[in-house]
Amino acid sequence: MDGRAVTPGVILVADGDPAVTDRIASSLRDQYTVRTAYTARETLDSLDDDVGVVIIDDEMSDLDSASIVDRIRNRELLCQVCVLTHDVDSDVALGSPPDARLRKPVSRTELEGTVERLLLRATYRAKLEKYYALSRRRASLAASGAGEDAATLDDRLQTLRDELADALGSLDYEEAFEIALDIPENGSPD
Amino acid sequence: MSTKANAETERFDDVSNVLLLSSSMSNSESEACARLLDDPAGAHALFCTFVESPADRLRRSGIDPGAFETTTVVDVESVTRSAAADGVAGDGSTFPDGEARYHVEPVDDPTDLRELGTTLGRFLAPVSGDGRPLFCFHSLTDVLQYTGVETAFYFLQVLTDQVDRAGRLAHYHLDADACDRETVATLEGLFDVVIDLRDSDPSVQDAEG
């Protein structure tokens, strides 16, 4: 866990229609590092701890989006998932709910707003895990009496503390508890 | 870098989150709790209790709930207690005229920290009043019994941030003998100040150091 990227800044765009994938990817490239995938398999292969947000089409030919979301959750990846749908009410009952849904065709403003919000959530969660891992390490140092790395660790902890407070400033507390306690959103899309 | 000061004289003007370490519910714990809930005139008070009933918890804190502008008790685990344990005549939950002296908000599932956090959050929102809003959480010992230290840590990271933003003075009880030293040390960094009541001479440590 200590090895996870603290800023999972990569956006992974996956749509069965390469033209749509590339259009979405190019609109995000100004601001973010973007990867693309054209199948569910490619999407799952491309996932790692650097990916903060995955945008997937709900009509990939080789796997439905709910199953993709399930597989992402099962791998305990921190990335946030946005499903592009033709109908916001589709596949509500099946599998793990995504973190966001956008109805196609997606406007640029809507896309950018959603990516920014999901990236904030992913980044907060990644930093929180790092903060815990370092707090744990600092605690074991204190217990063993070894003090050499303590000052370095304290600096890193203080930086993370400030960054977490910044991130929480942009999240409401219900959302913050949801992300921190890692319990998927329940039920219907909003 | 930690500073030590006498808990009796320490002021908490610039402090939001205080960890109260004790070995058991002793006199010094009640005294420290009461001190952190001092000066209730015009203040809004929020309590969170697990094992004890709201009435018992308020009595233990040694405060008069009617002295606060508003008093709310978030009552976790109430279903596991006898229904007769609370709200009986003469338990102090009502004024002589029958009006409630404090509001009780139940949270049924002690393992559901998301629900608990969201419920506390509703009452932690900034409030207007003459005094500084206060918050007593009793206790982290219970949270750790229901969830692991990692989950408790994440819960507290959000909760303490919210307390700080709302300008509250909060304190959190933890029986340090009920968990290992490393758990206590891991949690300490989340708080502005740690008061260790296990020492005969109570000390205040700057946890940020």
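Chains are numbered independently. Their residues run from 1 in the order of the written sequence. Chain A is the first chain written and ligand 1 is the first ligand written, with later ones labelled in order. At least 70 in pLDDT is required for a residue's local features to be given in this predicted model, at least 80 for side-chain atom pairs to be given and counted, and no such filter applies to totals for whole chains, interfaces and linings, which use all residues. Working from all heavy atoms in the structure, the side-chain values ignore hydrogens and water.

A. Broad picture of the nonpolar core. All names here are of chain B. What makes a nonpolar core is a set of buried Ala, Val, Leu, Ile, Met, Phe, Trp, Tyr and Cys residues whose side-chain atoms join them at distances within 4.5 Å. Burial here depends on accessible area, computed with a 1.4 Å probe over protein chains only, as a share of the maximum for the residue type. Under 20% is buried, over 50% is exposed, and the range in between is partly exposed. Ranked by size, the top nonpolar core spans 54 residues in total, and within it Leu 116, Leu 120, Phe 135, Phe 137 and Tyr 172 carry the most contacts. A total of nine residues in this core trace back to one element, the largest contributor, which is helix H5 (residues 149–165). In terms of nonpolar packing, the next biggest core, distinct from the first, is built from 23 residues, Ala 45, Phe 47, Phe 68 and Cys 136 among them. Counting from the N terminus, the helices are the DSSP runs of H or I reaching at least four residues and the strands are the DSSP runs of E reaching at least two.

B. Examining the environment of Asp17(A) more closely. By the element assignment, Asp17(A) lies in the loop between strand E1 (10–14) and helix H1 (18–28). Sequence spacing of Asp17(A) and Ser61(A) is 44 residues, and the spatial spacing of their C-alpha atoms is 9.8 Å.

C. Structural view of the interface of chain A and chain B. Whether two residues are in contact is decided by their heavy atoms: any pair within 4.5 Å suffices. Listed per partner, the contact involves 27 residues of chain A and 26 residues of chain B. We define a salt bridge as a side-chain nitrogen of Lys or Arg found within 4 Å of a carboxyl oxygen belonging to Asp or Glu. If you look at where chain A meets chain B, you find one salt bridge. For Arg114(B), the salt bridge goes to Glu178(A), with nearest N and O atoms at 3.9 Å. What qualifies as a polar contact is a pair of N or O atoms within 3.5 Å, subject to a donor-acceptor requirement within protein and to the restriction that residues adjacent in sequence count only when both atoms come from side chains. The tally of links between chain A and chain B comes to six residue pairs in polar contact (both at pLDDT 80 or more). For the side of chain A that touches chain B, the secondary-structure elements that each account for two or more residues are helix H4 (108–144), helix H5 (150–168) and helix H6 (173–180) of chain A. A per-element tally of the side of chain A that touches chain B places H4(A) first, with ten residues. Residues belonging to the side of chain A that touches chain B are distributed by class as follows: 16 nonpolar, four polar and seven charged. Classification convention: Asp, Glu, Lys, Arg as charged; Ala, Val, Leu, Ile, Met, Phe, Trp, Tyr, Cys, Pro as nonpolar; all other residues, Gly among them, as polar.

D. Main features of the packing of aromatic side chains. In summary, the pairing rule links any two rings of Phe, Tyr or Trp, Trp by its six-membered ring, whose centres are within 6.5 Å, and it sorts them by plane angle into stacked for under 30 degrees, edge-to-face for over 60 and tilted for everything else. Using the criterion set out here, one finds eleven aromatic pairs over all chains in the structure. When the ring of Phe50(B) is compared with that of Phe137(B), the centres are 6.0 Å apart and the planes differ by 55°; the resulting orientation is tilted. With Phe50(B) in the loop between strand E2 (44–49) and helix H2 (54–61) and Phe137(B) in strand E5 (residues 134–138), this pair connects stretches of sequence that are 87 residues apart. Each of the two residues, Phe50(B) as well as Phe137(B), counts as buried. Among the aromatic residues, those joined into a cluster by ring pairs are Phe177(A), Phe50(B), Phe135(B), Phe137(B), Phe155(B), Tyr172(B) and Phe191(B).

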